[in-house]
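Spelled out, the chains give:
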Amino acid sequence: MAVDVAQLVEQAREGRPRAVARLISLVEGASPQLREVMAALAPHTGNAYVVGLTGSPGVGKSTSTSALVSAYRAQGKRVGVLAVDPSSPFSGGALLGDRIRMSDHASDPGVYIRSMATRGHLGGLAWSAPQAIRVLDAAGCDVVLVETVGVGQSEVEIASQADTSVVLLAPGMGDGIQAAKAGILEIGDVYVVNKADRDGADATVRELNHMLGLGESRGPGDWRPSIVKTVASRGEGVGEVVEALEKHRAWMEERGVLGERRLRRAATEVETIAVTALRERIADLHGDRRLGALAEQIVAGTLDPYAAADQLVAGVTES
Ligand SMILES: Nc1nc2c(ncn2[C@@H]2O[C@H](COP(=O)(O)OP(=O)(O)OP(=O)(O)O)[C@@H](O)[C@H]2O)c(=O)[nH]1
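Bear in mind the structure is a predicted one, so any value in this text is a computation, not a measurement. (Residues numbered from 1 in each chain as written. Predicted model: local features only at pLDDT ≥ 70, side-chain atom pairs only at ≥ 80, totals over all residues. Heavy atoms only, no water.)

*Asks:* What should I look at first to understand the overall build of the chain in this one?
*Replies:* Broken down by element type, the chain carries 12 helices and 7 strands. Of all 319 residues assigned to the chain, the portion counted as buried reaches 47%. Of the contacts formed within the chain by residues at least 6 apart in sequence, a portion of 76% connects residues at least 24 apart. As displayed, the chain offers around 15600 Å² of accessible surface, 54% of which is attributable to carbon and sulfur atoms. (Helix = DSSP H or I, 4+ residues; strand = E, 2+ residues; numbered from the N terminus. Buried < 20%, exposed > 50% of the residue type's maximum accessible area, 1.4 Å probe, protein only. Contact = heavy atoms within 4.5 Å. Areas by Shrake-Rupley, 256 points an atom, 1.4 Å probe, with all protein chains shown as cover.)

Pasting the structure below:
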C-alpha cells in the first residue's frame, strides 16, 4: 500500500519514532516509494555527525554504544543508533540482543535505535546503510552511531560511511594481530581498548601504539589516531571517547576534511545506486538469456568480453 511520504517525513521531523521506523523500513525493503522518500528527506539532511563503531564480536560494541548514547544524551543531543548486521538475512533478530542491551534507552524519545540486516540486498550495506543514516539525520539526530557486527570488508565499508571511525579492541583476544589482518589499523580514527578492567589492557594499548607507528603512512599534517581505555560496562572512559570524537571532528572541520569525506561518500553512494540500477535493468531487460548468448559467443571465441559488456550496457542505456 502506498504511504503518504510527505506526511511521514513531517512526522519523523517532529520526532515521532514510529514515522522514523516506517521510513527506515521503506529503505530496508527497497520500497518502490524509496525515490520519493529520499527526495523528501534531502533538504533536511547534512546535520548529523556519523560515527562508525567496529570490532570483533564480544569486544563490547553494544555496551560501548549504549554508554556513548548516555554520554551524548547527557549533553542534550539527539542520538540515532543503527546496528547493522551484514551477515544476517534477518531484520530485528540478532538485534534482539542489541535491543535488550539498549533497553536503558528504549523509552527515551531522544534516541532512535534500529537494526538492519543487509544480506541478499542488491548493493548490500553500501547501498542501504547510507539511506538509513539519511532518515536518522533528517529526523533531527545530532549524532548517528553505526554499529556493525563486522568482519573484514564490511568493517571497512562502514568506516567509509562514517565521519569518524571507532575501532574497539579488548585485551587478551589476540586482537592486535586480528586487527592487522583485517586491515583495521588503516580505518580507525579513534581506537578504544575496552574491558580495561581486565589484565593486559596496557599491553594492548602499547601494542596498538607500536603497530600504528609501524604502519606510518601518515604525513605530518595527518590525524594521529587517539587511543582510549574504557570499561564500557561501568561507563568508565566513555567521556574520554566522546572527547576524542569531538577532537577528531574539530580537526576535520578546521582542515575541510569533513567536507571532503562527505563528498567522497556522496559520490560513492551515487555510484552504488547507479551500478545497482544498471544491474537491475540488465536483469529486467535481458534476463539470463541475453547474457547466456553473449557468454556462448565468448566461449566460442567469436566475441571478446569487453565488446560483450559494451553490448549489454548499450542495450540498457539506449532503451
Ligand atoms: N569485564 C568487562 N566486560 C565488559 C565490558 N564491556 C562489555 N563487557 C561484557 O562483554 C560482553 C560482550 O559485550 P557486548 O557489548 O555484547 O559486545 P559486542 O561486541 O556488542 O558483542 P556482539 O554483539 O557479539 O558483537 C557482555 O557480557 C558485556 O557485559 C567491560 O568493559 N569490562
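There is more to say, and it comes next.
*Asks:* I would appreciate a short explanation of empty space enclosed by the protein in the present structure.
*Replies:* Over the atoms a probe the size of a water molecule is rolled, and this reveals where empty space is left. Counting across every chain of the model gives 1 cavity of 30 Å³ or more. The space that makes up the largest cavity amounts to roughly 60 Å³. Elements represented by at least two residues in the lining of the largest cavity include exactly helix H4 (61-74), strand S5 (164-169) and helix H10 (238-255). Classifying every residue of the lining of the largest cavity gives 8 nonpolar, 2 polar and no charged. (1 Å grid on protein atoms, 1.4 Å probe; cavity = no way out; pocket = protein on both sides within 12 Å on 5 of 7 lines; lining within 4 Å. Points joined across faces, edges and corners; volume = space filled by probe spheres on them. Nonpolar A, V, L, I, M, F, W, Y, C, P; charged D, E, K, R; others polar.)

*Asks:* What is the right way to look at the pairing of strand S2 (residues 79-85) in this model?
*Replies:* A regular strand places its side chains on the two faces of the sheet in alternate fashion. With respect to burial, S2 is a largely interior element, 7 of its 7 residues being buried. Here S2 shows two buried faces, one formed by Val79, Val81, Ala83 and Asp85 and the other by Gly80, Leu82 and Val84. Bridge count between S2 and strand S4 (residues 143-148): 6 bridges; the pairing is parallel. Looking across to S4, one finds that alanine 83 is bridged to glutamate 147. (Pairing = 2+ DSSP bridges.)

*Asks:* Explanation requested: the nonpolar core in the structure shown.
*Replies:* Soluble globular proteins: nonpolar side chains tend toward being buried together. One finds Val20, Leu23, Leu41, Leu82 and Leu136 to be the most contacted residues of the largest nonpolar core, which totals 32 residues. If you list the elements that add at least two residues to this core, you get helix H1 (5-13), helix H2 (17-28), helix H3 (34-41), S2, strand S3 (111-117), helix H6 (124-138) and S4. If you look at the next biggest cluster of nonpolar residues, it comprises 29 residues, including Val59, Val166, Val238 and Val241. (Core = buried A, V, L, I, M, F, W, Y, C linked by side-chain atoms within 4.5 Å.)

*Asks:* Help me understand the packing of H2 against H3 in this model?
*Replies:* Geometrically, a packed helix pair is captured by the angle between its two axes and the distance between the axes. Here H2 crosses H3 at 130 degrees, and the two axes come no closer than 9 Å. When the axis of H2 is compared with that of H3, the two are oblique. As for the relative orientation of H2 and H3, their crossing is left-handed in sense. Within the contact between the two elements, H2 uses Leu23, Leu26 and Val27 and H3 uses Leu34, Val37, Met38 and Leu41. Residue composition of the contact of H2 with H3, grouped by class: 7 nonpolar, no polar and no charged. (Axes fitted to C-alpha atoms, helices over the stretch in contact; angles between N-to-C directions. Parallel < 35°, antiparallel > 145°, perpendicular 65-115°, else oblique. Left-handed = near helix turned anticlockwise from the far one by under 90°.)

*Asks:* Just to check I follow, could you spell out the pairing of S4 for this structure?
*Replies:* With 6 of 6 residues buried, S4 lies mostly within the body of the structure. Burial of S4 is two-sided: the residues Val143, Leu145 and Glu147 facing one way and the residues Val144, Val146 and Thr148 facing the other way are all buried. In this sheet, S4 lies alongside strand S1 (residues 49-55) in parallel orientation, the contact comprising 5 bridges. Across the sheet, the residue bridging to valine 50 is valine 144, located in S4.

*Asks:* Help me understand H10, please; the structure alone is not making it clear to me.
*Replies:* Since one α-helical turn is 3.6 residues long, residues separated by three or four positions face the same way. Across its 18 residues, H10 extends 26 Å between first and last C-alpha, which sits within 8% of the 26 Å expected from 1.5 Å per residue. All of the buried residues along H10 are Val238, Val241, Val242, Ala244, Leu245, His248, Arg249, Trp251 and Met252. Directly beyond the C-terminal end of H10, a positive phi value near 75 degrees is found at glycine 256. (Expected span 1.5 Å × (residues − 1).)

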